[in-house]
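Listed here are the chains, written in short residue letters.
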Amino acid sequence: AGRFCAVLGRNGSGKTTLLHCLNRTLTADTGTILIHGKDIGSMSQNRIARKISLVPQEHMDIFPYRVLDVVVMGRAPFLKISQQPGPWDYEIAQNSLNCLNAGSLAMKNFNRISGGERQIVLLARALTQASHIMLLDEPTNHLDFNNQYHLLSSIRSLCRVKNLCIIASMHDPNMAALFADDVIMISKGSIMACGPSEEVMTERNISDLYGTCINSVQLTAGKK
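Note that the structure is predicted; figures quoted are calculated from it, not measured.

Asks: Help me understand unusual backbone geometry, please; the structure alone is not making it clear to me.
Replies: Leaving glycine aside, a negative phi is the common case for residues, and trans is the common case for peptide bonds. Here Ser-82, not a glycine, exhibits a phi torsion of approximately 70°, which is positive. Residue Ser-82 is classed as exposed on the basis of its relative accessible area, which comes to 69%. Non-glycine residue Asn-163 carries a positive phi angle of around 55°. Locating Asn-163 in the fold gives a position in the loop between α6 (145-162) and β6 (165-170).

Asks: Is there a simple way to think about the environment of Arg-47 in this case?
Replies: Within the secondary structure, Arg-47 sits in helix α2 (residues 45-51). Sequence spacing of Arg-47 and Ser-96 is 49 residues, and the spatial spacing of their C-alpha atoms is 21 Å.

Asks: Looking at this model, I keep getting lost on the packing of aromatic side chains. Mind explaining?
Replies: The description of an aromatic ring pair rests on the distance of the ring centres and on the angle between the ring planes. Using the criterion set out here, one finds two aromatic pairs in the structure. Each ring, one from Tyr-149 and one from Phe-179, has its centre 5.2 Å from the other, and the planes form 70°; the classification is edge-to-face. With a gap of 30 residues between them, Tyr-149 in helix α6 and Phe-179 in helix α7 (residues 173-179) connect regions that are remote in the sequence. For Tyr-149, a relative accessible area of 36% puts it in the partly exposed group. Within the aromatic cluster, the residues linked to one another by ring pairs are Phe-145, Tyr-149 and Phe-179. Here Arg-75 stacks its cationic end above the ring of Phe-78, 4.3 Å away from the centre of that ring. Of note, Arg-118 hangs over the ring of Phe-110, and the distance from its end group to the ring centre comes to 5.3 Å.

Asks: Please explain the nonpolar core as it appears in this structure.
Replies: Where a protein is soluble and globular, its nonpolar side chains tend to be buried together. With 50 residues, the main nonpolar core has Phe-4, Met-134, Ile-166 and Met-170 as its most contacted residues. When residues of this core are assigned to their parent elements, the largest contribution, seven residues, is made by helix α5 (residues 115-129). Core analysis: the next-biggest nonpolar cluster, separate from the first, contains 16 residues, Leu-19, Ile-40, Ile-52 and Ile-133 among them.

Asks: Even after reading the chapter, I still don't get the sheet that holds β6, so can you show me in this structure?
Replies: The strands that make up a sheet are held in pairs by hydrogen bonds between backbone atoms, and each pair lies either parallel or antiparallel. The six strands lie next to each other as β4-β5-β6-β1-β7-β8, forming an open sheet whose pairing is mixed. Here the strands that pair on one side only, and so sit at the sheet edges, are β4 (52-55) and β8 (190-196). Ignoring which end each strand starts from, the neighbouring axes of this sheet average 15° apart. Bridge analysis of strand β5 (residues 133-137) against β6 gives five bridges, and the strand direction is parallel. Along β6, the bridge assignment pairs Leu-135 with Ile-167.

Asks: What exactly am I supposed to notice about α6 here?
Replies: Helical geometry note: an α-helix holds 3.6 residues per turn, so side chains three or four residues apart project in the same direction. With 18 residues, α6 extends 25 Å from end C-alpha to end C-alpha; this agrees with the ideal 26 Å at 1.5 Å per step. Along α6, the residues classified as buried are Gln-148, Leu-151, Leu-152, Ser-154, Ile-155, Arg-156, Leu-158 and Cys-159. Where the residues of α6 are buried, they touch β1 (3-8), α4 (87-99), α5, β5, β6 and α7. Where α6 begins, the side chain of Asp-144 points an oxygen toward the backbone nitrogen of Asn-146, at a separation of 3.2 Å. At the exit of α6 stands Asn-163, carrying a positive phi of roughly 55°.

Asks: Honestly, the pattern of salt bridges in this entry has me stumped. Any pointers?
Replies: A complete count under the given rule lists four salt bridges for this structure. The salt bridge involving Asp-182 is made with Arg-3; its shortest N-O contact spans 2.7 Å. Of this pair, Asp-182 sits in strand β7 (residues 182-187) while Arg-3 sits in strand β1; the two residues are 179 residues apart in sequence, bridging distant segments of the chain. Judged by its relative accessible area of 40%, Arg-3 falls in the partly exposed class.

Asks: I keep staring at the packing of α4 against α5 and nothing clicks. Help me out?
Replies: Each pair of packed helices can be summarised by the angle the axes make with each other and by the distance between the axes. Where α4 meets α5, the axes come as close as 9 Å, and the angle between the chain directions of the two elements is 130°. Between α4 and α5, the crossing angle belongs to the class labelled oblique. You can see that α4 and α5 cross each other, and the crossing is right-handed. For the pair α4 and α5, contact is made by Ile-92, Ala-93, Ser-96, Leu-97 and Cys-99 and by Ala-124, Leu-127 and Thr-128, respectively. Classifying every residue of the contact of α4 with α5 gives six nonpolar, two polar and no charged.

Definitions and cut-offs
Residues numbered from 1 in each chain as written. Predicted model: local features only at pLDDT ≥ 70, side-chain atom pairs only at ≥ 80, totals over all residues. Heavy atoms only, no water. Buried < 20%, exposed > 50% of the residue type's maximum accessible area, 1.4 Å probe, protein only. Helix = DSSP H or I, 4+ residues; strand = E, 2+ residues; numbered from the N terminus. Phe/Tyr/Trp six-rings, centres within 6.5 Å; stacked < 30°, edge-to-face > 60°. Lys NZ or Arg CZ within 6 Å of the ring centre and 35° of its normal. Core = buried A, V, L, I, M, F, W, Y, C linked by side-chain atoms within 4.5 Å. Pairing = 2+ DSSP bridges. Axes fitted to C-alpha atoms, helices over the stretch in contact; angles between N-to-C directions. Expected span 1.5 Å × (residues − 1). Contact = heavy atoms within 4.5 Å. Polar contact = N/O pair within 3.5 Å; in protein donor to acceptor, adjacent residues only side chain to side chain. Salt bridge = Lys/Arg side-chain N within 4 Å of Asp/Glu carboxyl O. Parallel < 35°, antiparallel > 145°, perpendicular 65-115°, else oblique. Left-handed = near helix turned anticlockwise from the far one by under 90°. Nonpolar A, V, L, I, M, F, W, Y, C, P; charged D, E, K, R; others polar.

See below:
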């Protein structure tokens, strides 16, 4: 809890597969996954969804819902079949948007806001769903540098303020070095290195991970 973990690796290395195993969207062939000491295999999908949320890498355009309605969808695991979200659920959803400084988006059409704003909204939906662990699959995909920076700043802030565990697959080692507390490097489906970012993000590890000779890597010191 309270830490942001980045998962780095080349395309096809297994980053997304790992995330999907962690919330049992996929079932691991071997090994055991524990959540707070309990085997995920013994938990119902609904119970898992109350503890772990996933923001996928890609999302399709949806019906022209208000942003607040998209965020309140995160309350689904807490509602009975055919039960509609009530005032309390909408209050939680609005608070999630406010936490990400996106409260002003609540009444806007989700399909008409920018890509960066959509990612913030999906992050708010995940926050509305689970209060323990959030899984993010390439959260900065298709975002420009400014939006990447502010989104990752928001993610790291959530870890601190909400005491969440956030695990995100990422492509950019520079962003991982800047924002992540911990880094897991995956190569060909196996963990190549893992630990605190300042220990894992070395020139040798990055060169081995991406198969590219890196002469100098400037890691960000003194994270704010």
